[in-house]
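Notes for the structure review
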Amino acid sequence: MGFGRIGATELILILAIALVIFGPSKLPEIGKSIGKAIREFKSQANKVTEDLKVDSDDEKKN
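Scope of this entry: the structure provided in the associated data block. (Residues numbered from 1 in each chain as written. Predicted model: local features only at pLDDT ≥ 70, side-chain atom pairs only at ≥ 80, totals over all residues. Heavy atoms only, no water.)

The subject of this paragraph is the overall build of the chain. Along the backbone of the chain there are two helices and zero strands. Rg of the C-alpha trace for the chain: 19 Å, well past the compact-globule value of 11 Å for 62 residues, more than 25% over. Counting only C-alpha atoms and orienting by the principal axes, one finds that the chain spans roughly 60 × 25 × 15 Å. When burial is assessed residue by residue, the chain has 3% of its 62 residues classed as buried. Accessible surface computed for the chain: about 5800 Å², of which carbon and sulfur atoms make up 63%. Put simply, the chain has 10 plus and 9 minus side-chain charges, and the middle of one group is 8 Å from the middle of the other. (Helix = DSSP H or I, 4+ residues; strand = E, 2+ residues; numbered from the N terminus. Rg over C-alpha atoms; globule rule 2.2 N^0.38 Å. Buried < 20%, exposed > 50% of the residue type's maximum accessible area, 1.4 Å probe, protein only. Areas by Shrake-Rupley, 256 points an atom, 1.4 Å probe, with all protein chains shown as cover. Lys, Arg positive; Asp, Glu negative; His and termini not counted. Charge placed at Lys NZ, Arg CZ, Asp CG, Glu CD.)

The full count for this structure, using the stated rule, is one salt bridge. A salt bridge links Lys26 to Glu29; the nearest nitrogen and oxygen atoms lie 3.7 Å apart. (Salt bridge = Lys/Arg side-chain N within 4 Å of Asp/Glu carboxyl O.)

This brings us to helix H1 (residues 8-22). Spacing of three or four residues puts side chains on the same side of an α-helix, whose turn is 3.6 residues. With 15 residues, H1 should cover 21 Å at 1.5 Å per step; its first-to-last C-alpha distance of 21 Å lies within 8% of that length. Remark: Gly23 follows H1 within two positions and exhibits a positive phi of approximately 85°. (Expected span 1.5 Å × (residues − 1).)

A cluster of nonpolar side chains, Leu13, Ile17, Ile21 and Phe22, forms an exposed patch at the surface whose accessible area comes to about 410 Å². Within the secondary structure layout, Ile17 lies in helix H1. Since its relative accessible area comes to 45%, Ile17 is described here as partly exposed. (Patch = residues over 30% accessible without salt bridge, like charges linked within 9 Å, V, L, I, M, F, W, Y side chains within 5 Å.)

Structure below.
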């Protein structure tokens, strides 16, 4: 199980440090915020890709 160059041990260590720093009550809120940010980023990236594709198709027709 790898997340890029971060292995399972490193990921567990990062999560443990985050738990100590933020506490168990804040972690779900932080995770929710990060999830929303990632979804919004993907949505905007897909819009840009779609707009570029439409522009490219329009240029090919002309």
